[in-house]
Amino acid sequence: MNNALLQASAISVRRDKRITLQPIDFAARAGETVGIYGPNGAGKSTLLLALAGLLPLESGTIALAGQVLGRDLRPLAYHRRIAAVFQQPLLLRGTVAHNVELGLTLRGIGRDERPARVVPALQQFSIAHLADRSVGTLSGGEAQRTSLARALVLNPDVLFLDEPFAALDQPTRRRLVQELAGVLRTKQMATVVVTHDLMEASILCDRCIILDSGVVLQEGSPLEVVRRPQTARVAEIVGSEYIANASEPPYPL
Amino acid sequence: MGAGSWDYWAEIGQGFTDAVLLLVTGDSETWGIVRQSLAISVSATLVSMMLGVPLGFWIAYSRFRGRGLLLAICNTGFGLPPVVVGLILSILLLRHGPLGYLNLRFTPYAMVIGQFILSMPIIINLTVVALQQLDPKLRLQIKALGASRWQTVWLLSREIRLPLLVAYMAGFGAVVSEVGASQMLGGNLPGSTRVLTTAIVMETSMGHYDRAMAYGIVLLLLVALVVGLLTWLQQSGGQR
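This is a predicted model, so every value here is computed, not measured.

If you tally the helices and strands in chain A, you get nine helices and ten strands. Principal-axis analysis of the C-alpha atoms gives chain A an extent of 55 × 45 × 35 Å. The long-range fraction of contacts in chain A, counting pairs at least 24 apart against all pairs at least 6 apart in sequence, stands at 65%.

With that settled, the discussion passes to the pairing of strand β9 (residues 207–212) of chain A. Residue and element names in this part refer to chain A. The buried fraction of β9 is high, at five of six residues. Bridge count for strand β3 (residues 33–37) against β9 is four bridges, and the pairing is parallel. Bridge pairing in β9 links Tyr37 to Ile210. In this structure, β9 lies alongside strand β10 (residues 215–220), joined through five bridges in antiparallel fashion. What sits directly across from Ile209, in β10, is Glu219.

With that out of the way, let us pick up the sheet that holds β3 of chain A. Residues and elements named next belong to chain A. The sheet built from six strands is open, its strands ordered β6-β7-β8-β3-β9-β10 with mixed pairing. Taken across any chain shown, the strands that pair with only one partner, and hence form the sheet edges, are β6 (82–85) and β10. Each adjacent strand pair in this sheet contributes to an overall mean axis angle of 15 degrees, direction not counted. The sheet contacts of helix α1 (residues 44–51) involve β3, β7 (158–162), β8 (190–195) and β9, and relative to β8 the element is tilted by about 155 degrees.

Before going further, it helps to examine the interface of chain A and chain B. Taken together, the contact between chain A and chain B spans 21 residues of the former and 17 residues of the latter. For the side of chain A that touches chain B, the elements supplying multiple residues, two or more each, are α2 (75–79), β6 and α3 (96–106) of chain A. Across the side of chain A that touches chain B, the residue classes tally to 13 nonpolar, five polar and three charged.

The next point concerns the sheet that holds strand β2 (residues 18–28) of chain A. The four strands lie next to each other as β2-β1-β4-β5 (chain A), forming an open sheet whose pairing is antiparallel. The open sheet terminates on both sides in strands that have one partner only, identified here as β2 and β5 (67–68) of chain A.

So, about the nonpolar core. One finds Leu51, Val158, Phe160, Val192 and Ile210 of chain A to be the most contacted residues of the largest nonpolar core, which totals 137 residues. Per-element tally for this core: the top contributor is helix α5 (residues 108–132) of chain B, with 15 residues. Counting contributing residues, this core receives three or more from each of domain 1 (1–81 + 158–169 + 184–246) and domain 2 (88–155) of chain A. Sequence-distant contacts of Leu51 of chain A, defined by excluding residues within four places in its chain, comprise Leu6, Ala8, Phe26, Ile62, Phe160 and Val192 of chain A.

Moving on: the packing of helix α4 (residues 82–93) of chain B against α5 of chain B. Between two packed helices, both the angle of their axes relative to each other and the distance between the axes serve to describe the pair. Residue and element names in this part refer to chain B. Contact pair α4 / α5: the axes reach a minimum separation of 10 Å and the direction vectors enclose 135 degrees. The angle between α4 and α5 falls in the class oblique. For the pair α4 and α5, the crossing hand works out as right-handed. Of the residues in α5, those touching α4 at Pro82, Val85, Gly86, Leu89 and Leu93 are Ala110, Ile113, Gly114, Ile117 and Leu118. When the residues that make up the contact of α4 with α5 are grouped by side-chain class, the tally is eight nonpolar, two polar and no charged.

A common way to express how large an interface is: the accessible area buried when the components associate. Once the domains are mapped, chain A shows domain 1 (1–81 + 158–169 + 184–246) and domain 2 (88–155). Classifying every residue of the side of domain 1 of chain A that touches domain 2 of chain A gives four nonpolar, no polar and one charged.

What follows concerns the environment of Met49 of chain B. Residue and element names in this part refer to chain B. By the secondary structure assignment, Met49 is in helix α2 (residues 28–61). Judged by the 21 C-beta atoms lying within 10 Å of it, Met49 falls in the buried class. For Met49 and Gly79, which are 30 residues apart along the polypeptide, the C-alpha to C-alpha distance reads 18 Å. Those residues in contact with Met49, other than ones at most four positions away along the chain, are Ile123 and Tyr168.

Conventions used here
All residue numbers refer to position in the chain's written sequence, counted from 1. In the order they appear in the text, chains get letters beginning with A and ligands get numbers beginning with 1. Totals for whole chains, interfaces and linings use all residues, but because this is a predicted model, local features are given only for residues with pLDDT of at least 70 and pairs of side-chain atoms are given and counted only at 80 or more. Under the DSSP-based scheme used, a helix requires at least four consecutive residues in state H or I and a strand at least two consecutive residues in state E, with every element numbered from the N terminus. Placing a C-beta atom from the backbone of each residue, one calls two residues in contact when those atoms lie within 7 Å. Residues with at least 20 other C-beta atoms within 10 Å of their own are called buried, those with 12 or fewer are called exposed, and the rest are partly exposed. The C-beta atoms themselves are positioned from the backbone. Between any two strands, pairing holds if DSSP finds at least two bridges. As a rule, the C-alpha atoms of each element are fitted with a line to give its axis, helices using only the stretch in contact, and angles between N-to-C directions run from 0 to 180 degrees. All amino acids are sorted into three groups, where Ala, Val, Leu, Ile, Met, Phe, Trp, Tyr, Cys and Pro are nonpolar, Asp, Glu, Lys and Arg are charged, and the leftover types, Gly among them, are polar. Under the definition applied here, buried Ala, Val, Leu, Ile, Met, Phe, Trp, Tyr and Cys residues are grouped into a nonpolar core through C-beta atoms within 7 Å. Domain extents, as shown, originate in an automatic or database domain assignment. Between 65 and 115 degrees an angle is taken as roughly perpendicular, under 35 as roughly parallel, over 145 as roughly antiparallel, and anywhere else as oblique. Crossings are classed by handedness, with left-handed meaning an anticlockwise turn of the near helix from the far one by less than a right angle and right-handed meaning a clockwise turn.

Rendered as structure tokens:
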């Protein structure tokens, strides 16, 4: 992909003495959301962590806007251009506002400039009223909103989301997915999202890759991979019911 | 109760009263020893923290050959006999020993070194355990927020500040109450290396139970203070 913002070439990862990710090419354009979908143990989170520069690569390269990580771009500089949200909110001690502000502080954004960015981020995720609350008192949904606000306040070039809604109850999850989709539409960053949920992928993602045992099986729009699985294994991963009936997809796409 | 027994208890009671008087009247010798004990043990534990906490981070987050062995050595350090540490250091610090040129034997510095060796494994171990109990992805999250290496260490230290305080107090509690290494390395010199534990041993052997009990009371109060603080911190630890 020529105009890719994030480009990975033949990256592989070795964990616990075995290759958990076979050489994979990956690309995401600015403003594009790419989903990584697959069963448990497929290597989804490993791929995301590798792309985020949070896992050492066995082979291959990652480039951000043409700058190769480790060659043209130091890891710290790379990490200061990305943001990540994980399944658990992983908030640090302190208040909601302190957490949302934290990345800005670490990236050297001045004290005067920070409130002008933190307040809109808090409002965007409807947590402005919780700004002074200690994170220990938050509900799961509030904590994950804080985590999302903390990532998006940074205006990253690439946003990495590792099953950010998996630990939430269904109604909260549905609401947050919709809200996040709305926010992502207004941003010009590339987003990589690991998901277990095809409905979530269909709402958030422009493109999806199907991963199994560390290998990319298929790539396309969420609708495409569900409607036209290229192999029986992909069909099994995206929903065997659909294949059996050969009619409409089992998820509202 | 016979007359002998009565005399015994009367003497103990008198000793206790005299001990309290020594403490409340601000007896300079008594309080000098208390100050010296605190200075040596606080310094030794602080040095252990300064080196032990970064080492704990390194052991917790690095993968290298011999890591398990290093952790096992630290675990062994929990049960390190103070008198053996005192013996080994004394041999090293003998005038013709490898560290004899430092002229540290029978100085407070030698005691600080001995207590540092005793508290270091406790601090390393408790730091490693505290870090291992954090969500492994927290470190990745902090990196993804754009933290440098030192910012990461600082933020993770804030997350484990309660266990770190516990580590400090556990280390301090262990060294302030040890006598073997202090006696062998310091020599119990008045005004210099005499600390609470060595003074208790000496005063008891000389039959000065009032002073021995005064020092014992202070030592007990110090240990009670440490345990009390630990308990309070543990109780309030759930609040973020």
